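# Examining the three-dimensional arrangement
The chain contents come next:
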Amino acid sequence: FPIRIVSTQEQDLLQVRFWPTDICNFNCSYCFPGSHDGNFRYPKDLVSTLANFRNIFDQYKQLGKTKFHLIISGGGEPTLWPRLEDFCKGLKESHDVFITLVSNGSRTLEWWTNNYHYFDDVTLSFHHEYANIQHHCDIADFLYEKELKVTTLVLMDFKNWDRCVTSVNTMLSSKHPWYIQTKEIVDAPGHGMDVYSEEQKKYIDDSIKRIPSSDKLLKQIDDIKLH
């Protein structure tokens, strides 16, 4: 039988993932090797960095791409890049870019208040070894109120399982019903699906612990389609 490769990605969409730094203010024991070594600090030349991304988008425009989705993530914590806000502002001024930020959410509420408008979608990874659960919920609530699509991704550490589950339950009582998702840890030494119990695997398999209301979901889908 012939093999058929099917993609669900829109043909006019270009998705790019950018890791601006491998510096992190957390030092989680289960992070993948090289994720926060501090060997690649930040892009040194903002003008050149912006020019490179603009050139990429312009080149793909000629190939029929009209929608651009930039995912800014790590290893490392991208919000530690001092020019992150200028980078996002510069891209949005030149191209209609939908920006997803993946962050550990550790920056202050003041930082998020000053910079939330540069992002369209935020995923807050929750790391029980370092994160403050109340601060994490406060940031997620704030972003939800600002009409961003916000997801908390809880890394489920089999060695500290009860603490992770307690964190999820605390999130479930938050002020607003943002997304809550759980994820296994499989790419760090000593971790893998084989170390989880059957009960833990079942908990992780049912990964979506909460989704926003249907009205909120429809609005978020419409916002994404516009880009």
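This text follows the structure it describes.
In this text the structure is predicted, and so the values were computed from the model without any measurement. (Residues numbered from 1 in each chain as written. Predicted model: local features only at pLDDT ≥ 70, side-chain atom pairs only at ≥ 80, totals over all residues. Heavy atoms only, no water.)

## Points about the sheet that holds strand β5 (residues 149-156)
Formally: Two strands pair if DSSP finds at least two bridges between them. Counting from the N terminus, the helices are DSSP H or I runs at least four residues long and the strands are E runs at least two residues long. Note on geometry: axes are lines fitted to C-alpha atoms, helical ones only across the stretch in contact, with angles between N-to-C directions running from 0 to 180 degrees. Whether two residues touch is decided by their heavy atoms; if any such pair falls within 4.5 Å, the residues are in contact.
Strand order in this open sheet of seven strands is β1-β2-β3-β4-β5-β6-β7, and the pairing throughout is mixed. Looking along the sheet, the strands with just one partner apiece sit at the ends: β1 (13-18) and β7 (208-210). Each neighbouring strand pair of the sheet contributes to a mean axis angle of 20°, computed without reference to strand direction. Pairing of strand β6 (residues 179-184) with β7 involves two bridges; the strand directions are antiparallel. Bridge assignment links Q181 to a residue of β7, and that residue is I208. Contacting β1, β2 (67-72) and β3 (97-103), helix α1 (residues 46-61) runs over the sheet at an angle of about 155° to β1.

## Quick look at the layout of surface pockets
Short version of the rule: Think of a 1 Å grid over just the protein atoms. A cavity is a set of points where a 1.4 Å probe fits yet cannot get out, a pocket is an open set with protein on both sides within 12 Å along at least five of seven lines, and lining residues have an atom within 4 Å of a point. Grid points are joined across faces, edges and corners, and a volume is the space filled by probe spheres set on the points. Three residue categories are used. Nonpolar comprises Ala, Val, Leu, Ile, Met, Phe, Trp, Tyr, Cys and Pro, charged comprises Asp, Glu, Lys and Arg, and polar comprises the others, including Gly.
Here the largest pocket defines a volume of roughly 770 Å³. Surrounding the largest pocket, 35 residues form its lining, G74, V102, S125, H127 and L155 being those nearest its centre. Counting residues per element, the ones that place at least two in the lining of the largest pocket are β3, β4 (121-126), β5 and β6. Ranked by residue count, the leading element in the lining of the largest pocket is β5, at four residues. Considering only residue class, the lining of the largest pocket consists of 13 nonpolar, 15 polar and seven charged.

## Description of unusual backbone geometry
Phi angles above zero are rare outside glycine, and E147 is one such case at about 70°. Mapped onto the elements, E147 comes out in the loop between α4 (133-145) and β5.

## Examining the packing of α4 against helix α5 (residues 161-172)
Put simply, the rule is: Angular relationships are summarised with four words: roughly parallel below 35 degrees, roughly antiparallel beyond 145, roughly perpendicular across 65 to 115, and oblique for the angles in between. A clockwise turn of the near helix away from the far one marks a right-handed crossing, whereas an anticlockwise turn of less than a right angle marks a left-handed crossing.
For the pair α4 and α5, the least separation of the axes is 10 Å and the interaxial angle reads 40°. One element, α4, and the other, α5, form an angle in the oblique class. You can see that α4 and α5 cross each other, and the crossing is right-handed. Residues I133, H136 and C137 of α4 pack against S167, T170 and M171 of α5. In terms of residue class, the contact of α4 with α5 is built from three nonpolar, three polar and no charged.

## Description of the pairing of β4
Strand residues, when the strand is regular, have side chains that alternate between the two faces of the sheet. Basically, it comes down to this: For every residue, the accessible area (1.4 Å probe, protein chains only) is compared with the maximum for its type, and the residue is labelled buried under 20%, exposed over 50%, or partly exposed between those bounds. By convention, a crossover is right-handed whenever its connection, traced from the first strand over the helix to the second and viewed with the strands pointing away, goes clockwise.
Within β4, six of the six residues are buried, leaving the element largely enclosed by the surrounding structure. A two-sided burial pattern is seen for β4, the buried positions comprising D121, T123 and S125 on one face and V122, L124 and F126 on the other. Relative to β4, β3 runs parallel, the two being bridged by four bridges. Across the sheet, V102 pairs through a bridge with T123, a residue of β4. Of the crossover connections in this fold, the one passing from β3 over helix α3 (residues 109-115) to the parallel β4 is right-handed. Pairing geometry for β4 and β5, over six bridges, is parallel. The partner of D121 across the bridge, within β5, is K149.

## Thoughts on the environment of A140
With respect to the helices, strands and loops of the structure, A140 is situated in helix α4. As a C-alpha pair, A140 and G105 span 35 residues in sequence and 8.4 Å in three-dimensional space.

## Details of α1
Structurally, the α-helix is built with 3.6 residues per turn, so residues lying three or four positions apart point the same way. Going by this rule: Helix span, expected: 1.5 Å multiplied by one less than the number of residues in the helix. The arc in question is traced by the directions running from the helix axis to the C-beta atoms. Polar contact is defined as a pair of N or O atoms within 3.5 Å, subject to the rule that within protein one atom must be able to donate a hydrogen and the other to accept it, and that residues adjacent in sequence are counted only when both atoms are side-chain atoms.
For α1, spanning 16 residues, the distance from its first C-alpha to its last is 22 Å, which sits close to the expected 22 Å at 1.5 Å a residue. Considered for burial, the residues of α1 that qualify are L46, T49, L50, F53 and F57. Relative to the axis of α1, the buried residues are bounded by an arc of 95° and lie together on one face. Along α1, exposed side chains directed more than 90 degrees from the buried face belong to V47 and N52. Those residues of α1 that are buried lie in contact with β1, β2, α2 (84-94) and β3. Capping of α1 at its N-terminal end is provided by D45; its side-chain oxygen lies 3.1 Å from the backbone amide nitrogen of V47.

Honestly, that's just the spatial picture; any functional story needs more than this.
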